[in-house]
Amino acid sequence: MKTPLLLTALLATTLVACQTNPVSGRTQLVLVSEEQAQASSAQAYAQTVNEAQKKGKLSTDAALNARVKRITDRLIVQAENMYPPSRSWKWSVTVIDEPTLNAWCMPGGKMAIYTGIVRKLNLSDDEIAQIMGHEISHAILGHGRERMSRAIAMQGGLELGSVLAGRDLTGLAPVADI
């Protein structure tokens with residue numbers, strides 16, 4: 001008797017949580033509010049920047065830092081024009097001095113680029129703009145929020161499956177995350 005009720009509740013929650021992204025028009029699973037996503041991201045960003053600072057991994061290359069800031073500032077203007085709610089975001093970019101070939105942007109406009117990608121690939125300003133524009137698009141398209149929502153849905157599904165199977169299935173989460 002409880003099984004159909006639980007399945008109905010899970011299905012109803014999933015249907016209600018589907019929203020159309022205002023920028024892309026794509027339907028997304030959204031269980032996490034924009035405020036929750038931004039708060040979580042701000043906390044994770046602060047932790048990442050603090051850890052990098054403690055390890056002496058924040059870029060001290062003033063020219064590179066200014067270059068990245070100048071490029072991202074121009075992109076932020078365009079992001080705010082494309083997605084007006086992002087005008088209230090507390091945009092921030094950090095250059096992390098590590099050989100990693102990566103860059104990212106979290107919900108709320110918290111960004112980082114690693115010196116490795118700039119130096120190893122000898123990136124031009126246009127190439128940095130392409131990379132950071134791509135990362136900014138993840139934020140304005142709500143991809144981080146969607147990823148958080150999928151993780152919550154997966155955890156809930158595994159917990160429901162555990163109840164139905166009579167054994168703990170939550171250990172399958174790393175395998176189930178695609």
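Each remark here, short or long, concerns the structure printed above.
Residues numbered from 1 in each chain as written. Predicted model: local features only at pLDDT ≥ 70, side-chain atom pairs only at ≥ 80, totals over all residues. Heavy atoms only, no water.

### Description of the sheet that holds strand β4 (residues 103-106)
- Here we have 3 strands laid out as an open sheet, ordered β3-β5-β4, and mixed in their pairing. Of all strands in the sheet, those bounded by a partner on one side alone are β3 (92-96) and β4. Strand after strand, the sheet turns through a mean of 15 degrees between neighbouring axes, direction not considered.
- Where β4 meets strand β5 (residues 110-114), 4 bridges bridge the pair, whose relative direction is antiparallel. Paired with M106 across the strands is K110, a residue of β5.
- Seen against the sheet, helix α2 (residues 34-54) touches β3, β4 and β5 and runs at an angle of roughly 30 degrees to β3. (Pairing = 2+ DSSP bridges. Helix = DSSP H or I, 4+ residues; strand = E, 2+ residues; numbered from the N terminus. Axes fitted to C-alpha atoms, helices over the stretch in contact; angles between N-to-C directions. Contact = heavy atoms within 4.5 Å.)

### Observations regarding helix α3 (residues 62-82)
- When the terminal C-alpha atoms of α3 are compared, their 30 Å separation across 21 residues agrees well with the 30 Å that a helix rising 1.5 Å per residue should span.
- Within the sequence span of α3, burial applies to L64, V68, I71, T72, I76, A79 and E80.
- Measuring from the backbone nitrogen of A63 back to the side-chain oxygen at the start of α3 gives 3.2 Å, which picks out D61 as the cap. (Expected span 1.5 Å × (residues − 1). Buried < 20%, exposed > 50% of the residue type's maximum accessible area, 1.4 Å probe, protein only. Polar contact = N/O pair within 3.5 Å; in protein donor to acceptor, adjacent residues only side chain to side chain.)

### Considering the packing of aromatic side chains
- Under the counting rule described, the total for this entry stands at 3 aromatic pairs.
- Relative to W91, the ring of W89 has its centre 5.1 Å away and its plane inclined at 45 degrees; by these criteria the two rings are tilted. No difference in accessibility class separates W89 from W91, as the two residues are buried.
- Put simply, the rings of Y83, W89 and W91 touch in pairs and so form one group of aromatic residues. (Phe/Tyr/Trp six-rings, centres within 6.5 Å; stacked < 30°, edge-to-face > 60°.)

### Description of the side chain of T94
- Along the chain, the position of T94 falls in strand β3.
- Overall, the relative accessible area of 12% leaves T94 in the buried class.
- When residues no more than four places from it in sequence are discounted, the contact partners of T94 are Y45, V49, L58, M111, A112 and I113.

### Examining the side chain of E80
- Relative to the helices and strands, E80 resides in helix α3.
- For the buried E80, no salt bridge exists, and the shortest N-O distance to an oppositely charged side chain is 5.3 Å, to R87.
- Those residues in contact with E80 that sit more than four places away from it in its chain are S86, R87 and W91. (Lys, Arg positive; Asp, Glu negative; His and termini not counted. Salt bridge = Lys/Arg side-chain N within 4 Å of Asp/Glu carboxyl O.)

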